[in-house]
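Per-entry structural report
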Amino acid sequence: GARDRAPEGIAQVASRVRAHTNVAICLGFGISSPSQAKHLSKMVDGLIVGSAIVEIIRKAGEQASAVSSVKEFLTAMRASLAGEGVS
């Protein structure tokens with residue numbers, strides 16, 4: 001689920017996983033803000049923000065509002081990652 005900050009030691013976990021594989025590594029531990037995404041994107045190849053999107057939809061209530069809110073969230077996330085190598 002979405003959190004205020006990433007779990008302690010996540011950089012070490014990502015580093016250990018990367019040492020044992022050459023496939024893309026994606027992280028989805030509670031990422032809920034553009035600043036978290038920018039910070040964590042330096043450690044991995046992709047980010048998963050499913051819980052944050054589900055929460056936005058839940059709070060929005062109606063479909064039109066949900067679509068608009070999710071679009072706004074993803075636009076902010078993408079902007080925070082510009083130049084970070086994660087899409």
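Attention here is on the structure that accompanies the text.

Focus: the overall build of the protein
Each helix and strand in the protein was counted, giving 4 helices and 2 strands. Ordered by position from the N terminus, the helices and strands of the protein form the series α-β-α-β-α-α. Looking at the protein as a whole, 30% of its 87 residues qualify as buried. Long-range pairs, those at least 24 residues apart, make up 54% of the contacts in the protein with a sequence separation of at least 6.

A look at the pattern of salt bridges
Summed over all chains, the structure comprises 3 salt bridges. Linking R58 and E55 is a salt bridge whose minimum nitrogen-to-oxygen distance equals 2.5 Å. In this pair, R58 and E55 both sit in helix α3 (residues 50-60), 3 residues apart, roughly one turn of the helix. Here E55 ties to K59 by a salt bridge, and the two come within 4.0 Å at their closest N and O atoms. Here E55 pairs with K59, and both are found in helix α3, just 4 residues apart, close to one helical turn. Judged by relative accessible area, which is 62%, K59 ranks as exposed. Through salt bridges that share partners, E55, R58 and K59 make up one connected network.

Notes on the nonpolar core
Core analysis: the largest hydrophobic core is formed by 17 residues, its most contacted members being L27, I31, L40, V44 and L47. At the level of secondary structure, the elements contributing two or more residues to this core comprise α1 (10-19), α2 (34-41), α3 and α4 (63-81). The greatest single-element share of this core, amounting to 4 residues, is contributed by α4.

A look at the packing of α3 against α4
Between α3 and α4, the least distance of the axes is 8 Å, while the angle of their chain directions is 145°. You can see that α3 and α4 cross each other, and the crossing is right-handed. Contact residues: A52, I53, I56, I57 and A60 in α3; S65, A66, S69, V70, F73 and L74 in α4. Here the residues of the contact of α3 with α4 sort into 9 nonpolar, 2 polar and no charged.

Thresholds, definitions, all that
- Residues numbered from 1 in each chain as written.
- Predicted model: local features only at pLDDT ≥ 70, side-chain atom pairs only at ≥ 80, totals over all residues.
- Heavy atoms only, no water.
- Helix = DSSP H or I, 4+ residues; strand = E, 2+ residues; numbered from the N terminus.
- Buried < 20%, exposed > 50% of the residue type's maximum accessible area, 1.4 Å probe, protein only.
- Contact = heavy atoms within 4.5 Å.
- Salt bridge = Lys/Arg side-chain N within 4 Å of Asp/Glu carboxyl O.
- Core = buried A, V, L, I, M, F, W, Y, C linked by side-chain atoms within 4.5 Å.
- Axes fitted to C-alpha atoms, helices over the stretch in contact; angles between N-to-C directions.
- Left-handed = near helix turned anticlockwise from the far one by under 90°.
- Nonpolar A, V, L, I, M, F, W, Y, C, P; charged D, E, K, R; others polar.

It is worth stressing that arrangement in space is one thing and function is another; only the former is reported here.
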